[in-house]
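# Observations on the model geometry
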Amino acid sequence: MLVLGIETSCDETAVGIVDSARAIRANVVATQLAEHQPYGGVVPEIAARAHLDRLDGLIRQALLEARLTLGDLDGVAATCGPGLIGGVMVGAMAGKAIAAVQGLPFSAVNHLEAHALTARLTNDVAFPYLLLLVSGGHCQLLLVKGVGDYRRLGGTIDDAVGECFDKTAKLLGLGYPGGPMLEKAALGGDSRAFDLPRPMLGRSGCDFSFSGLKTAVRQLVAAKFSETGSDGLPTVFVAAMAASVQAAIADILADRAGNAFRLLRDGGEAVTALVVGGGVAANQAVRARLTELAGREGVAFAAPPIGLCTDNGVMVAWAGLERLRLGLRDGFDVRTRPRWPLDSVA
Ligand code: KG4
Ligand code: ZN
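A quick note: this is a predicted structure, and the numbers were derived from the prediction, not measured.

Below, the discussion takes up the nonpolar core. Judged by nonpolar contacts, the single largest core of 51 residues is most densely connected at Leu141, Val161, Leu172 and Leu253. Listed by contribution, the elements that provide at least two residues to this core are strand 6 (129-134), strand 7 (139-146), helix 5 (161-171), helix 6 (178-186), helix 7 (211-228), helix 8 (235-266), strand 9 (273-277) and helix 9 (284-297). Here this core gets 15 residues from one element, more than from any other, and that element is helix 8. Setting aside its immediate chain neighbours within four residues, Val161 contacts Val134, Ser135, His138, Cys139, Phe210, Ile249, Leu253 and Val280. Within the second largest apolar cluster, 30 residues are counted, among which are Leu112, Ala116, Leu131 and Leu321.

Structure (structure tokens):
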């Protein structure tokens, strides 16, 4: 079975093609980084127009890369939410149009489900598993029991973890997108230099909070600025702060995921693996802490390769394939949704 997937829910226009033998036949991604950089964040209207401009060319490029034509496909999948609705509509309409013209089944993919199932493509992980979904818009712990079968164990009560990376990076003058920049800046820094708050740490449950951490960084940065004046922040300070922020975030994620394991154990629910997905899963410090945790819990740790952690079309194609091969197809009247919680996918 060959499925083409389209991703346009945020600032990446992406197309992927996968087959049921778990081979990635094509993976093309066009990032809109340059368009949004002047604004320090994603501008929805600019994103939608950029998706519209590029998507046709990317679909052609993906087919070329895979040496396939539309006639070779067995299905089409597109992210239909959650996300910035203008962009989502562009991808969904393109996917539906191809499916309609070629007479193929269509799958309306939930972006979060695409992140959630990626590790099954890349690491062949078996259900059920514990998923830590950490991206720019989401931060949640989920029990993944099967395709379309999710139980949310906890989520953020304020910012998503990617937002915390992005906002603290901005405070440090590191630019956008903040996560990768902050990780780079942290390389030479002492992670124990600042004793930053770790909200919720040690508390029961699986919810997250990052606003206290962000506020603490803002105050420390402001204090440093009043010391240095127009000289700006010293490189050593930035490196140490970046490393300290990253360590605090990794501690929070590992603590909450640890609670999720406890919760599942108490409920008699055994899992095969700890899986991390979403853009923040690209972070090496986060990966290291989660690897440690999985080791302690005696389960496998699975993290997709970095390029498949951030938004891509391959994960959408794969989620579509998983759904289509179970007979789950969607009509062309399926709606696009700005909000679409994962535990309602079924
Ligand atoms: O999954 P994703 O590409 O888009 C969303 O669906 O949100 O995630 C993007 C987020 C951004 O906040 C970005 O700063 C963060 O993932 N991110 C990282 C790293 N790479 C991307 N955060 C920390 N370290 C990284 N290496
Ligand atoms: Zn994403």
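Okay, back to it.
Cis rather than trans, the peptide bond between Phe127 and Pro128 has omega equal to -10°. In the segment running from Tyr176 into Pro177, the intervening peptide bond is cis, with an omega of -5°. Along the chain, Pro177 falls in the loop between helix 5 and helix 6. One non-glycine residue with positive phi stands out, namely Arg22, at about 70°. Note on Arg22: relative accessible area 32%, which makes it partly exposed. Positioned with a positive phi, Arg67 is a non-glycine residue whose angle comes to about 55°.

Turning next to the site of ligand 1. Around ligand 1 lies a shell of 18 residues, among which Gly136, Asp166, Gly179, Glu183 and Gly279 are the nearest. Within the backbone of Gly162, one N or O atom sits 3.3 Å away from an oxygen atom of ligand 1. For ligand 1, whose accessible area on its own is 550 Å², the fraction buried by protein is 89%. Those elements that provide at least two residues to the shell around ligand 1 are helix 4 (111-122), helix 5 and helix 6.

With that out of the way, let us pick up the domain arrangement of the chain. Assigned domains of the chain: these are domain 1 (2-117 + 308-324) and domain 2 (128-303). Taking only C-alpha atoms into account, the centre of domain 1 sits 27 Å from that of domain 2. Interface area lost by domain 1 to domain 2 is led by Leu112, Ala116 and Cys309, which between them contribute 37%. The interface formed by domain 1 and domain 2 includes zero salt bridges. Where domain 1 packs against domain 2, one counts six residue pairs in polar contact (both at pLDDT 80 or more). In terms of residue count, helix 4 provides more of the side of domain 1 that touches domain 2 than any other element does, five residues in total. Looking at side-chain class alone, the side of domain 1 that touches domain 2 contains seven nonpolar, six polar and four charged residues.

Here is what the cut-offs are and how they apply
- Residues numbered from 1 in each chain as written.
- Chains lettered and ligands numbered in written order.
- Predicted model: local features only at pLDDT ≥ 70, side-chain atom pairs only at ≥ 80, totals over all residues.
- Heavy atoms only, no water.
- Core = buried A, V, L, I, M, F, W, Y, C linked by side-chain atoms within 4.5 Å.
- Buried < 20%, exposed > 50% of the residue type's maximum accessible area, 1.4 Å probe, protein only.
- Helix = DSSP H or I, 4+ residues; strand = E, 2+ residues; numbered from the N terminus.
- Contact = heavy atoms within 4.5 Å.
- Near = heavy atom within 4 Å.
- Polar contact = N/O pair within 3.5 Å; in protein donor to acceptor, adjacent residues only side chain to side chain.
- Areas by Shrake-Rupley, 256 points an atom, 1.4 Å probe, with all protein chains shown as cover.
- Domains from an automatic or database assignment.
- Buried area = accessible area lost by both parts, 1.4 Å probe.
- Salt bridge = Lys/Arg side-chain N within 4 Å of Asp/Glu carboxyl O.
- Nonpolar A, V, L, I, M, F, W, Y, C, P; charged D, E, K, R; others polar.

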